[in-house]
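What the coordinates show
So the chains spell out like this:
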Amino acid sequence: MNAPLTPTSRESLQKAERQSQVVRALQAHLPGHALIWHEEDTTPYECDGLTAYRARPLVVALPETEAQVAAVLKTCHQLGVPVVARGAGTGLSGGAMPHTLGVTMSLAKFNRILKIDPARRTAVVQCGVRNLAISEAASPFNLYYAPDPSSQIACTIGGNVAENSGGVHCLKYGLTLHNVLRVRGFTAEGEPIEFGGEALDAPGLDLLALVIGSEGMLAVTTEVTVKLVPKPQLARCIMASFDDVRKAGDAVAAVIAAGIIPAGLEMMDKPMTAAVEDFVHAGYDLDAAAILLCESDGTPEEVEEEIGRMTAVLRGCGATAIAVSTSEDERMKFWSGRKNAFPASGRISPDYMCLDSTIPRKRLADILLAIQEMEKKYNLRCCNVFHAGDGNLHPLVLFDANDPDELHRCELFGADILETSVAMGGTVSGEHGVGVEKLNSMCVQFTATENEQMFGVKRAFDPAGLLNPGKVIPTLQRCAEYGKQVVRGGRLPHADLPRF
């Protein structure tokens, strides 16, 4: 007689049967090389840039045409199978973490720039085109795409749309939202859908702002029309040192209060400058408690005037040293440290968790000082780099994922930063999205009624809840359970997520 199935073996058998069903159904629409389901082949898709949480998808689909995207979505909808769209996998909030009973749809093959229109200053690109590749293609026309995340060499425009990404120049030029005219894609049912348009206004409801930043929960993006802007004639960067983080934070607020909108206004604390200086040798002041990078661009006359005004404000706020780039090479050298903050942190720690909260500019020093106290509380180091001009923080908590206790403390540290940001009048996310990382913190920022309203929008686009389920919006039950955990103390913030 056969031994009775245990709950675990029964679950494995059911999963295998489900996988076979999904594979057979998708094989009718995709070539053999565009479908992956063996465990060793799906491993590369088990996480995005948030490596602390991992899961293997049931199946990975790699469509090459819009017709195939539609077919995958229609098939999965008919079978009731969840779908997680994935770009380059550079996201930092677990937004592309697979569903263990679902299909991960990689859009990496949608990598063509379809049209550059220099007269209209637009580019039409597929969702898998790298952010930086757009500017490279537009360069011969003296144009570029302004949003420049630090991962722009690898991240895709589809992912930028999903997260509403920014970058070091977002203060002056805006986020993805402000630089996209049109998004085309497919609904969960596989029906074509378009948001916005190539004109200044689009007919019907303006839903473009709704889909940008929706983290793959409302539709699957396949094509994007972006704005291009002229390259400035000149750009120069100020590197200012401060012996106190409060002086540096006050300087940020003072620059904006003076009516100056720099092209970029970034802040790094002492641990971060030490990490990046050892990596790229950007010439940073290692004695400074914090440094600011303030960039001006435009005509030579505009830049000279603005640099002079910013320098006066920074000196008035107590800058201990000020250096102004005198060449394009030196400007790029100043920025090289900021652009390499994440890899530099990876050189000094086995793992790091990058947070992404926002606060009012006037609270920059307060949050830095609070994080310093948290370092003692959780016995972990933290390096800080901020989009200071718009109050978007990127604390990098350093830890070792191979040590369960360190991961535990890192999660608590991260939750503390996010919830302190909310208490200071900020939000839990600026440009990295919520994904799975910030689900519990959403319970702190939003009421049950507000979360239910967000679910209402989700249901309007995806009634069956198949697109990227279990992300972004916490359920009422989850928030209630998280509240109990906080009261009890000592529980992992994400006890339900599979870990490294």
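Predicted, not measured: the structure shown is a model, and the values here were computed from it.

Parameters and conventions
- Residues numbered from 1 in each chain as written.
- Predicted model: local features only at pLDDT ≥ 70, side-chain atom pairs only at ≥ 80, totals over all residues.
- Heavy atoms only, no water.
- Helix = DSSP H or I, 4+ residues; strand = E, 2+ residues; numbered from the N terminus.
- Buried < 20%, exposed > 50% of the residue type's maximum accessible area, 1.4 Å probe, protein only.
- Contact = heavy atoms within 4.5 Å.
- Areas by Shrake-Rupley, 256 points an atom, 1.4 Å probe, with all protein chains shown as cover.
- Lys, Arg positive; Asp, Glu negative; His and termini not counted.
- Charge placed at Lys NZ, Arg CZ, Asp CG, Glu CD.
- Disulfide = S-S within 2.5 Å.
- Pairing = 2+ DSSP bridges.
- Axes fitted to C-alpha atoms, helices over the stretch in contact; angles between N-to-C directions.
- Polar contact = N/O pair within 3.5 Å; in protein donor to acceptor, adjacent residues only side chain to side chain.
- Salt bridge = Lys/Arg side-chain N within 4 Å of Asp/Glu carboxyl O.

Topic: the overall build of the protein
Check the secondary structure of the protein and you find 17 helices and 18 strands. Projected onto its principal axes, the C-alpha coordinates of the protein cover approximately 85 × 60 × 40 Å. Counting every position in the protein, which comprises 500 residues, the buried fraction comes to 53%. Within the protein, counting contacts between residues at least 6 apart in sequence, those at least 24 apart form 72% of the total. Carbon and sulfur atoms make up 54% of the accessible area of the protein, which totals about 20,800 Å². Placing the 46 positive and 60 negative side-chain charges of the protein at their respective mean positions leaves the two points 3 Å apart.

Here's the deal with the state of the cysteines
One pass over the structure, following the stated rule, counts one disulfide. Here C443 is linked by a disulfide to C479, with a sulfur-sulfur distance of 2.2 Å. With the S-S dihedral at roughly -85 degrees, the linkage between C443 and C479 falls on the left-handed side. Here the residue C443 occupies a position in helix α15 (residues 439–445), and C479 occupies one in helix α17 (residues 476–488), the gap between them amounting to 36 residues. Lacking any disulfide linkage, C383 is separated from the closest cysteine sulfur, that of C382, by 6.8 Å. Classification of C383 by relative accessible area gives buried; the value is 3%.

Structural notes on the sheet that holds strand β10 (residues 220–227)
Strand order in the open sheet formed by five strands is β5-β6-β10-β8-β9, and the pairing between neighbours is antiparallel. The outermost strands of the open sheet, each flanked by one partner alone, are β5 (113–117) and β9 (192–196). Each neighbouring strand pair of the sheet contributes to a mean axis angle of 10 degrees, computed without reference to strand direction. When strand β8 (residues 180–186) meets β10, the two strands line up antiparallel, connected through six bridges. Of the residues in β10, the one forming a bridge with G185 is T221. Across the sheet, helix α4 (residues 131–138) touches β5, β6 (122–126) and β10, and the angle it forms with β5 is around 45 degrees.

Quick word on the side chain of D351
Position of D351 among the secondary structure elements: in strand β16 (residues 351–354). Reaching out from D351, the side chain makes a polar contact with the backbone nitrogen of A401 at a distance of 2.8 Å. Setting aside residues up to four positions removed in sequence, D351 forms contacts with T51, V397, L398, F399, D400 and A401.

Considerations on the pattern of salt bridges
Following the criterion strictly, the structure yields 25 salt bridges and no others. Among the salt bridges present, the one from E66 reaches R184, with a minimum N-O distance of 2.7 Å. Pair noted here: E66 is in helix α3 (residues 66–79) and R184 is in strand β8, with a separation of 118 residues, a long-range link. The exposure class of E66 is partly exposed, given its relative accessible area of 23%. Take R184: its relative accessible area is 27%, and that puts it in the partly exposed class. The salt bridge partner of R331 is E295, with a shortest N-O separation of 2.8 Å. A residue pair is termed long-range when its members are at least 10 positions apart, and R331 in helix α11 (residues 328–339) and E295 in strand β14 (residues 290–298) qualify at 36 residues.

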